[in-house]
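Report on the structure
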Amino acid sequence: MTKNKIYIETYGCQMNLADTEVVLGIMKNKGFELAENAEDSNVILLNTCSVRDNAEQRIYGRLGNLKKIKQKKPYTIIGILGCMAERLKRELIEDKKIVDLVVGPDEYRRLPEFIDDAFSGIKGIGVKLSRTETYDDILPYREEGLSAWLSVMRGCDKFCTFCVVPFTRGRERSRSLNSIVDEIKILSQKGFKEITLLGQNVNSYRDDNNDFADLLAASASVDNSIRIRFTTSHPQDLSDKLLFTIAGHSNICNYIHLPLQSGSNRILELMNRTYTVEHYLALIEKARQIIPGVSFSTDIISGFPTETYEDHVMTLDIMQKVKYDGAYMFKYSPREGTKAYRMEDDVPEEVKAKRLNEIIDLQQQISFEVNQKLIGSIEPVLVEGASKKSNQFLAGKTDTNKVVVFEKTNNIKPGDYVKTKIFRVTSATLFGELIEILPGKNKINLTA
Ligand code: 5AD
Ligand code: SF4
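Thresholds applied
Residues numbered from 1 in each chain as written. Chains lettered and ligands numbered in written order. Predicted model: local features only at pLDDT ≥ 70, side-chain atom pairs only at ≥ 80, totals over all residues. Heavy atoms only, no water. Domains from an automatic or database assignment. Near = heavy atom within 4 Å. Nonpolar A, V, L, I, M, F, W, Y, C, P; charged D, E, K, R; others polar. Helix = DSSP H or I, 4+ residues; strand = E, 2+ residues; numbered from the N terminus. Expected span 1.5 Å × (residues − 1). Buried < 20%, exposed > 50% of the residue type's maximum accessible area, 1.4 Å probe, protein only. Contact = heavy atoms within 4.5 Å. Polar contact = N/O pair within 3.5 Å; in protein donor to acceptor, adjacent residues only side chain to side chain. Salt bridge = Lys/Arg side-chain N within 4 Å of Asp/Glu carboxyl O. 1 Å grid on protein atoms, 1.4 Å probe; cavity = no way out; pocket = protein on both sides within 12 Å on 5 of 7 lines; lining within 4 Å. Points joined across faces, edges and corners; volume = space filled by probe spheres on them. Disulfide = S-S within 2.5 Å. Core = buried A, V, L, I, M, F, W, Y, C linked by side-chain atoms within 4.5 Å. Phe/Tyr/Trp six-rings, centres within 6.5 Å; stacked < 30°, edge-to-face > 60°. Arc of directions from axis to C-beta. Pairing = 2+ DSSP bridges. Axes fitted to C-alpha atoms, helices over the stretch in contact; angles between N-to-C directions.

As for the domain arrangement of the protein chain
We note that the domain assignment places domain 1 (5-126), domain 2 (147-372) and domain 3 (378-445) within the protein chain. If you average the C-alpha positions of domain 1 and of domain 3, the two centres end up 38 Å apart.

Have a look at this one:
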């Protein structure tokens, strides 16, 4: 009998990438092989995102393409996983005839069962949310590589009024610290060099008496040659202890993703973000004192209900004050079921777009300005491989998550740490000259 072959396409955030690896772990244990592409598989799963309407539209578009595969090979199973599965439930199966199964983020253990049923022609829906599921006993299936995502908690209890995540991913729950440390040990043995701890709001991580700072410290202590990153931090919960922990470990990256969303206190309140601009700025200031050279990125939404031109200018003003190294910027998209959905979406589309463009333009200028200050500085880089534009050049990232490109030499391979001196920058890339290769595995002082 030929083996069943599975193919998963992942949309949306890093959490979904990590979940796809959990799903692959589950399916490999059941004897499934991984297919390289949709055409070569008999089970096609889309791990979906609902955070904005355009994410969902892309997935509907993809389902349209998959129809052709199903027409050619009617026994192909097509399944929807992730946030769209959770949000739309039965509707997906009823409206899209080609969909055989719909499984939400807390029911992946039952996937083999749903797939078996689908092979017998029974369509299945598994969308119960759990208060306890963390998949902490499942080893995710990962391709070999340097960087790994590791989810340390699931769900979100913040209920920002624009956000569908608390409805699609359920209540907040943390994985045990020991299971996370054990997984990092495995990743270390496999040669991974960078691990990003993931959660919707990692700062509320808790396992008995351990908080997120304890988890970070424990993670960083496993292998000093592995860089530890984390995302996402909510500005209300970022503790001093966490800042000191970052500062105290050379292999915890000096980089914090700290979503602002809006620079107007009135809008922040309507968003239920639970902090003010003043609190946010004070936090940035404090982080910069405790962690010299720390870099920041953020998320910004333009055109939230009732946002005026003055509110928008306040956002631009905060961006100027903070001088983010990078930003993810979005137009507000109303999501059914959220509190903001009941507010009128009263900022016209063209105004949202114009404001978003202003935000993007300003951030580009700021990124360039911030990067220019790095000319002449020495940056330690974890080498990832050939640069995107030329294989005569290598590329890697700084501790602060910036891409550095430098000329290739034969004695450097992916996974090495090198020191570079920056001589030219754009808003997105630093160009450096190789100074030296930092000595082998353990005990590298990454900030040297
Ligand atoms: N519309 C636009 N952006 C959104 N985000 C979350 N929900 C919405 C929405 N309804 C953005 C926020 C969040 C990021 C992951 O996505 O900025 O931080
Ligand atoms: Fe959504 Fe807010 Fe939770 Fe982030 S913190 S996932 S934006 S509800």
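The structure having been displayed, the exposition proceeds.
Let's talk about the site of ligand 2
In the region of ligand 2, the neighbouring residues are Cys156, Lys158, Phe159, Cys160, Phe162, Cys163, Val165, Pro166, Gln200 and Arg273. Classifying every residue of the shell around ligand 2 gives seven nonpolar, one polar and two charged.

What about helix α2 (residues 53-72)?
Taking 1.5 Å as the rise per residue, α2 with 20 residues should run 28 Å; its terminal C-alpha atoms sit 30 Å apart, in good agreement. Listed in full, the buried residues belonging to α2 are Ala55, Glu56, Ile59, Leu63, Leu66, Ile69 and Lys70. Structurally, α2 contributes buried residues whose contacts are with β3 (43-48), β4 (77-82) and α3 (83-88).

A look at the site of ligand 1
Ligand 1 sits among Val51, Arg52, Phe162, Gln261, Asp299, Ile301, Phe330, Lys331, Tyr332, Ser333 and Arg335. Contact between ligand 1 and glutamine 261: an oxygen atom at 2.6 Å from a side-chain N or O atom of the residue. At a separation of 2.7 Å, a nitrogen atom of ligand 1 approaches a polar backbone atom of serine 333. Elements that contribute at least two residues to the shell around ligand 1 include exactly β15 (295-302) and β16 (326-331). Partitioning the shell around ligand 1 into residue classes produces five nonpolar, two polar and four charged.

Describing the pattern of salt bridges
Counted according to the given criterion, the structure contains 32 salt bridges. With its nearest N and O atoms 3.5 Å apart, the salt bridge here joins glutamate 113 to arginine 110. A relative accessible area of 41% means that glutamate 113 is categorised as partly exposed. Through salt bridges with shared partners, one network takes in Asp19, Asp106, Arg154, Arg169 and Arg173.

Considerations on empty space enclosed by the protein
The rolling of a water-molecule-sized probe over the atoms marks out the regions of remaining empty space. Considering all chains together, one arrives at one cavity of 30 Å³ or more under this definition. Roughly 100 Å³ of volume is contained in the largest cavity. Lining the largest cavity are 15 residues, with Ala18, Val22, Pro140, Ser151 and Arg175 sitting closest to its centre. Elements that contribute at least two residues to the lining of the largest cavity include exactly α1 (14-29) and β7 (147-151). Looking at which element gives the most residues to the lining of the largest cavity, the answer is α1, with four residues.

Section: the state of the cysteines
With the rule as written, the count across this model stands at zero disulfides. Cysteine cysteine 13 remains unbridged, with the sulfur of cysteine 49 as its closest cysteine sulfur at 6.3 Å. The class for cysteine 13 is partly exposed, based on a relative accessible area of 35%.

Some words on the nonpolar core
Val152, Leu197, Phe212, Leu216 and Ile256 are the most contacted members of the largest nonpolar core, which totals 62 residues. When near neighbours in sequence (up to four residues on either side) are disregarded, valine 152 contacts Ser174, Arg175, Ile180, Leu197, Leu198, Val202, Tyr205, Phe212 and Leu215. Ranked by size, the runner-up nonpolar core spans 23 residues in total, among them Ala38, Leu88, Ile98 and Val102.

Focus: unusual backbone geometry
Cis rather than trans, the peptide bond between threonine 231 and threonine 232 has omega equal to 10 degrees. You can see threonine 232 is positioned in the loop between β13 (227-231) and α9 (240-248). In the Ramachandran plot, threonine 274 falls in the positive-phi region, its phi being about 65 degrees despite a non-glycine side chain. Note that threonine 274 resides in the loop between α10 (265-270) and α11 (277-290). Although it is not a glycine, asparagine 401 adopts a positive phi angle of roughly 70 degrees.

Some points on the packing of aromatic side chains
Under the definition given, this model contains six aromatic pairs. Judged by centre distance (6.0 Å) and plane angle (15 degrees), the ring pair of tyrosine 108 and tyrosine 135 falls under stacked. Taken as a pair, tyrosine 108 in the loop between β5 (101-103) and α5 (111-119) and tyrosine 135 in the loop between β6 (124-126) and β7 lie far apart in primary sequence, 27 residues in all. Residue classification places tyrosine 108 among the buried residues on the basis of a relative accessible area of 0%. For the ring pair phenylalanine 162 and phenylalanine 304, a centre distance of 6.5 Å and an interplane angle of 80 degrees mean the geometry is edge-to-face. Here phenylalanine 162, found in the loop between β8 (153-154) and α6 (165-168), pairs with phenylalanine 304, found in the loop between β15 and α12 (309-322); they are 142 residues apart in sequence, far enough to count as distant.

A closer look at α9
Where α9 is concerned, the buried positions are Leu242, Leu243, Thr245 and Ile246. The buried residues of α9 occupy one face: seen down the axis, they fall within an arc of 160 degrees. Across α9 from its buried face, at more than 90 degrees, point the exposed residues Phe244 and Gly248. On the buried face of α9, the contacting elements are α8 (212-222), β13, β14 (255-257) and α11.

Here we look at the sheet that holds β16
One open sheet holds the three strands; their spatial order is β14-β15-β16, and the pairing between them is parallel. Across the chains shown, the open sheet's two edge strands, defined by having one partner strand only, are β14 and β16. Ignoring which end each strand starts from, the neighbouring axes of this sheet average 10 degrees apart. Pairing of β15 with β16 involves six bridges; the strand directions are parallel. Bridge assignment links threonine 298 to a residue of β16, and that residue is alanine 327. The sheet contacts of helix α13 (residues 349-372) involve β15 and β16, and relative to β16 the element is tilted by about 175 degrees.

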